[in-house]
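# A closer look at the structure
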Amino acid sequence: MKQLLMALLLTVLMVLFQSGALATELPSGLKWISNSDQPLFADSRAKPGGTYRLHISSFPLTLRTIGPDANGSFRPFLLDGNPALLQQQPNTRAFLPAIAKQWAFGDDHQTLYFRLDEHARWSDGEPITSRDFAFVFDYMRSEHAKAPWYKEHFTNKVAGITVYDPYTFALHSADPLADDELLMRLNIMPRPAHFYPGGQLPKDFVRRYNWKAEPVTGPYYVSKIRKGRAIHLEKVDNWWGYANRYYQYRYNVDKIILKVIRDTDIALKYFERGKLDAYNMIFPSLWHNKAKGPLYDQGYIHKSWLYNKSPQGAAGVWLNLQAPLMASDAIRHGIAHALNVPKMIAVALRGDYVHQQSFGSGYGDYDNPEIQAKAFDPAQAAEYFRQAGFKHLDSDGIRINDQGERLSITLTYRTKMHTARVVVLKEEAKKAGLEIELKLVDGATGFKSLLEKKHQAAFLGMGTGPLPVYWQFFHSANAKPQTNNFTNYADPAMDRLIEAFDTEFDVRRKAGLSRQILQKIAECDCVIPTYAVPFSRGAHWRYVKLPQGLGTELSRDILDANRIELGLFWIDLDEKRATKQALDDEHAFEPVTTIDRRFTQG
């Protein structure tokens, strides 16, 4: 074995020297970080073992995680939930060791140094080394991968790697970044160089590897495929991660079976017949209308709902400042007070969603908790509308100005699923004398119309990453068609704030700039916040156990029903046998519905 390892080491060194990427000496004075004293977040009561049965709505088009068709809903099971260089403590948000046991910042705000955990192994038993991180650049930039976004990212964002030895290297960002942004950008996953002939992607990579799952860094690998019907994931024997204290009591089940069931109602029946162990229930119609009956009332199936503080993108009514009426501050302030968002949430969303208070949320110190969404107040709204010249009421209660023009705006929305939501806003706005004409422009066509800035007001929600972004939404450089500045906002003072935010290295000062930007957005009332969906919830048989408190601040999927996330749940096999026996004996348990609001946003 010793000889084998030495041969491997020499091979790695030879490859790296040949590539010109091997440096001889680390910079002096590096301050290595390990964050070994962060609190644990898994439950020590967790028991290993058991098979976890879930469903997916469609069979994946490929088991590749890059290239054509690879970015499907199944990819999180193959890639996203596996360890990268670092992991994040989901309550404190501190970065923790994962494949890297230590890391250090360079002086240039562009470089991070890493020391790998020598115990880290691919699921096929091969060691994870610097070679696998150097290979990432060949892999992502390869024309054979047919993945232009990755090629651009690993050329113009993550610029390169310097290797010092098989377990030490540095990654370089193309741009100087604040410490937390640098950690996020350079926290990459390795790729298994040994898995490909000669450590290179072959010309026929897309076809040849369509159904060959790569070895993974995480606890579960693809062990069996039943085309069109199911995929089996099995636990890696003696998974290396358990030597890391932050992985203990996680990823507890031995096997995961993902069965393809395309119809959600049929899937629910499978679940209630005991052929699936858990079922994701984000939609109010499922949670309130379908998850009920004897199995729930007699405690065989439990319902669990955890609010989280996961970052939420901006969702709201976006006002186009270059459209009629919208240049008026008074009109925008009046609209903000005329939209009854709480009633929309209560009536159309069964009270499940959360009233978002500002432009996005869940970014920690980058949020501005002093900002509160404008209260629904028809009298206050009417006062603003009078200031804008709409002093009279038409025969139907809609305000008009001295020229007889009605206070009427058009609200564009993009899916029929939102009709009930915007109808509530329309009806309530009449109380302030505001008329809202609803305009449904479905799907991609609707988004295209927003990019072209043809809207007056838009009901729109945007996704987000770990940190807020403002340049694309509010910098004057984007106050033009085909950009995400949907409000056409342009203000030199805001430009200066955004540019300072984008180039600030100090996290504390950067967070302060973020709060100033949010304050200016709130003062403008050009994006009127609506709601966030900051929770995870689902139903599960009583033998599927969740940790104390159901999960963490950043838990987006407490049952791992859509991805391998934190892996905090477990199956109690004794309870499973007891549950089956109780069903046979018609013995009932106490019903259990747990709702944990500790991490409620807003």
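Shown above is the structure to which this text applies.
So, a few notes on the structure that sits alongside this text. Because the structure is a prediction, the values reported are computed rather than measured. (Residues numbered from 1 in each chain as written. Predicted model: local features only at pLDDT ≥ 70, side-chain atom pairs only at ≥ 80, totals over all residues. Heavy atoms only, no water.)

## Regarding the sheet that holds strand β12 (residues 301-307)
- The strand order across the open sheet formed by four strands is β11-β22-β12-β25, and the pairing between neighbours is mixed. On the outer flanks of this sheet lie β11 (278-280) and β25 (593-596), each paired with one strand and no other. The sheet shows a mean angle of 15° between the axes of neighbouring strands, taken without regard to direction.
- Pairing geometry for β12 and strand β22 (residues 535-541), over seven bridges, is antiparallel. Its bridge partner being in β22, Leu-306 is matched across the sheet by Ser-536.
- With respect to the sheet, helix α7 (residues 264-272) is in contact with β11, β12 and β22, its orientation differing from that of β11 by roughly 150°. (Pairing = 2+ DSSP bridges. Helix = DSSP H or I, 4+ residues; strand = E, 2+ residues; numbered from the N terminus. Axes fitted to C-alpha atoms, helices over the stretch in contact; angles between N-to-C directions. Contact = heavy atoms within 4.5 Å.)

## Notes on the packing of helix α16 (residues 492-503) against helix α17 (residues 507-524)
- Across the interface, α16 lies against α17 with an axial gap of 9 Å and an inter-helix angle of 150°. Viewed along their axes, α16 and α17 adopt a mutual orientation that is roughly antiparallel. Seen from above, α16 lies across α17 with left-handed handedness. Residue-level inspection shows Ala-493, Met-494, Leu-497, Ile-498, Ala-500, Phe-501 and Asp-502 of α16 in contact with α17, the latter providing Lys-510, Leu-513, Ser-514, Gln-516, Ile-517, Lys-520 and Ile-521. (Parallel < 35°, antiparallel > 145°, perpendicular 65-115°, else oblique. Left-handed = near helix turned anticlockwise from the far one by under 90°.)

## Some words on the side chain of Asn-485
- With respect to the helices, strands and loops of the structure, Asn-485 is situated in the loop between α15 (471-474) and α16.
- Here Asn-485 is in contact with Lys-453, Gln-472, Phe-473, Phe-474, His-475, Asn-478 and Ala-479, once residues within four sequence places are set aside.

## Concerning helix α10 (residues 329-338)
- Taken across its ten residues, α10 has nine buried, putting it largely inside the fold.
- Buried within α10 are the following residues: Ala-330, Ile-331, Arg-332, His-333, Gly-334, Ile-335, Ala-336, His-337 and Ala-338.
- Against the buried residues of α10 lie β13 (315-319), α12 (378-387), β17 (408-413), α13 (419-429), α17 and β20 (527-529).
- Capping of α10 at its N-terminal end is provided by Ser-328; its side-chain oxygen lies 3.3 Å from the backbone amide nitrogen of Ala-330. (Buried < 20%, exposed > 50% of the residue type's maximum accessible area, 1.4 Å probe, protein only. Polar contact = N/O pair within 3.5 Å; in protein donor to acceptor, adjacent residues only side chain to side chain.)

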